Amino acid sequence: MTLRSPLALALVGLAGLAACAPRPECADSACEAIPSCPDSAFDEAAMRADVAYLASEALDGRAPGTPGDDAARAFLHDRFACLGLRPLPGAPSFEQAFTDAEGHETANVVGYLPGADAGDASDIVVVSAHFDHLGDGRLGANDNASGVSGLLAIAQALSEAEPTDRTVVFAAFGAEESGMEGAAAFLDTPPEGFSPDDVVYDVNMDMIGTYGATGTVYALGSLAGTEGRAAVAARRAEYPELDVGLGEPSDLSDNEAFCSRGIPYLFFWTEDPDCYHARCDVPDQLDYPSMVEIARLTGQVAADLADSDADLRGAVAPGTDVCDRAGR
Ligand SMILES: [Zn+2]
């Protein structure tokens with residue numbers, strides 16, 4: 001757990017005003033290599049730089065409780081502040097600390113953009129991606145530095161746009177690889193200022209960097225009849241270069257923690273036939289042009305859900321299995 005100085009906490013409060021401020025507790029050369037805020041969202045060079053940092057040998061795969069885990073969270077903290085995201089109301093910082101099943105102290109990094117509509121702002125659309133990976137030489141560029149770079153690009157785009165009707169919470173989860181522990185901590189022991197009952201959708205990204213391997217990005221969880229399905233179907237025509245697979249469920253990422261609690265989800269994923277959980281999952285293997293477009297599509301769909309006039313909370317009939325276990 002990285003301790004934050006009072007000055008760093010104060011900078012969070014000024015986040016809407018300040019450009020990326022140097023982190024006063026950060027003095028060594030590894031910290032100086034942390035990328036600053038990009039000039040614009042969905043910038044390929046900026047997203048490459050984010051992946052390069054998170055999946056660098058210096059962070060050694062970001063396993064929970066390691067210095068690489070601390071560094072990844074510090075990076076996310078700085079970027080969230082830089083982009084003007086807010087810590088959850090009443091929370092002292094962006095970090096929600098928890099201890100994983102093996103006793104490692106780690107944290108989720110959570111910030112939000114408030115909704116603008118008086119009626120809908122209490123509804124929350126969560127945009128999620130896990131930042132941890134396996135460590136010990138497995139660097140996790142696709143899994144899941146790619147998804148985190150997408151989350152950061154979406155956060156930047158939405159922070160620069162008109163506010164959506166619903167509140168959007170950006171959740172970078174820890175300890176996913178050991179069993180979605182960060183997402184479970186977020187929903188079962190929620191941080192101050194957050195109620196899982198307010199979440200109407202989870203839009204999750206995990207492994208969005210290997211489109212070129214198979215030529216398909218899957219919008220998993222886009223089950224027939226869901227608002228998520230409608231949102232993806234409406235947007236995908238704007239991405240003729242992407243083949244977007246619809247309709248299949250998945251229990252293989254943090255979205256499972258949401259749907260098992262009755263919250264519908266979308267999970268954007270590209271197959272990684274060669275380097276899944278392997279040492280070759282390094283930044284050089286990623287298809288960056290496609291990753292940028294997948295992130296852009298995901299962000300538009302998340303914003304569409306946040307602006308939707310549909311009753312997202314009421315759209316799920318009691319007793320519906322939004323995990324679609326029967327479809328697996
Ligand atoms: Zn993953």
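What comes next is a walk through the structure. (Residues numbered from 1 in each chain as written. Predicted model: local features only at pLDDT ≥ 70, side-chain atom pairs only at ≥ 80, totals over all residues.)

### Remarks on unusual backbone geometry
What counts, and what does not: Only DSSP runs of H or I covering at least 4 residues are called helices, and only runs of E covering at least 2 are called strands; the numbering of each starts at the N terminus.
With omega at 5 degrees, the peptide bond leading from D143 into N144 counts as cis. Examined against the element boundaries, N144 turns out to sit in helix 5 (residues 141-160). Residues other than glycine seldom take positive phi values, yet M180 does so here, at roughly 55 degrees. Tracing the backbone through its elements, the reader meets M180 in the loop between strand 4 (167-173) and helix 6 (181-188).

### With respect to the packing of helix 3 (residues 44-54) against helix 10 (residues 288-307)
Which entries qualify depends on this criterion: Convention adopted: a line fitted to C-alpha atoms gives each axis, helices being fitted over their contacting stretch, and angles between N-to-C directions are expressed from 0 to 180 degrees. Note on angle classes: values under 35 degrees are labelled roughly parallel, values over 145 roughly antiparallel, values of 65 to 115 roughly perpendicular, and the remainder oblique. Here, residues touch in the contact sense if the C-beta positions derived from the backbone fall within 7 Å of one another. Asp, Glu, Lys and Arg are counted as charged, while Ala, Val, Leu, Ile, Met, Phe, Trp, Tyr, Cys and Pro are counted as nonpolar; the rest, among them Gly, fall into the polar class.
Packing of helix 3 against helix 10 leaves a shortest axis separation of 10 Å and a crossing angle of 100 degrees. The pairing of helix 3 with helix 10 is recorded here as roughly perpendicular in orientation. Where helix 3 approaches helix 10, its residues E44, M47 and R48 are matched on the opposing element by Y288, P289, M291 and V292. Taken together, the residues that form the contact of helix 3 with helix 10 break down as 5 nonpolar, no polar and 2 charged.

### Structural notes on the sheet that holds strand 7 (residues 244-246)
Our working rule: Here a strand pair is declared whenever DSSP counts at least two bridges between the two strands.
Spatially, 1-2-4-3-5-8-6-7 is the arrangement adopted by the 8 strands of the open sheet, whose pairing is mixed. A single partner strand is all that each edge strand has here, and the edge strands are strand 1 (95-99) and strand 7. Within the sheet, the average angular offset between the axes of one strand and its neighbour, ignoring direction, is 20 degrees. In this sheet, strand 4 lies alongside strand 3 (residues 124-130) in parallel orientation, the contact comprising 7 bridges. Residue V127 lies in a different strand from strand 4, and its bridge partner there is F170.

### A few points about the packing of helix 3 against helix 5
Convention followed: Working rule for handedness: look at the near helix, and if it is turned counterclockwise from the far one by less than a right angle, call the crossing left-handed; if clockwise, right-handed.
Relative to each other, helix 3 and helix 5 sit at 135 degrees, their axes nearing to 9 Å. Judged by the inter-axis angle, helix 3 sits oblique to helix 5. The handedness of the crossing between helix 3 and helix 5 is right-handed. Contacts between helix 3 and helix 5 involve M47, D50, V51 and L54 from the former and A141, A145, S146, V148, S149, L152 and A153 from the latter. Partitioning the contact of helix 3 with helix 5 into residue classes produces 8 nonpolar, 2 polar and 1 charged.

### Observations regarding the nonpolar core
Test applied: As used throughout, a nonpolar core is a set of buried Ala, Val, Leu, Ile, Met, Phe, Trp, Tyr and Cys residues joined through C-beta atoms within 7 Å of each other. Around each residue's C-beta, the other C-beta atoms within 10 Å are counted; 20 or more make the residue buried, 12 or fewer make it exposed, and counts in between make it partly exposed. All C-beta atoms are placed from the backbone.
Formed by 90 residues in total, the largest nonpolar core has its most connected members in L54, V125, L151, V168, F170 and A302. With 10 residues, helix 10 is the largest single contributor of residues to this core. Excluding residues that lie within four positions of it along the chain, F170 makes contacts with L85, V110, G111, Y112, V127, L151 and A155.

### A closer look at helix 4 (residues 67-83)
Applied cut-off: By this rule, a helix spans an expected 1.5 Å times one less than how many residues it contains.
In this model, helix 4 (17 residues) spans 24 Å end to end at C-alpha, consistent with the 24 Å of a helix rising 1.5 Å per residue. When you tally the buried positions in helix 4, you get 15 out of 17 residues, the bulk of the element.

### Observations concerning the pairing of strand 8 (residues 265-269)
Counting buried residues in strand 8 gives 5 out of 5 residues, a clear majority hidden from the surface. Here strand 8 shows no split at all, with Y265, F267 and W269 on one side and L266 and F268 on the other all buried. Here 4 bridges tie strand 5 (residues 199-205) to strand 8, and the two strands are oriented parallel to one another. Bridge pairing links M205 to F268 in strand 8. Two elements, strand 6 (residues 217-220) and strand 8, share 3 bridges in a ladder whose sense is antiparallel. Directly across from L220, in strand 8, lies its bridge partner F267.

### Regarding the environment of A184
The topology assignment puts A184 in helix 6. Under the C-beta neighbour-count criterion, A184 is labelled partly exposed, with 19 such atoms within 10 Å. C-alpha of A184 to C-alpha of A257: the two residues are 73 residues apart in sequence and 5.9 Å apart in space.

### Concerning the pairing of strand 5
Counted residue by residue, strand 5 has 7 buried out of 7 residues, so it is predominantly covered. Here 5 bridges tie strand 3 to strand 5, and the two strands are oriented parallel to one another. Counted as the bridge partner of V125 is Y201 from strand 5.

By themselves, these observations are geometric and do not establish any function.
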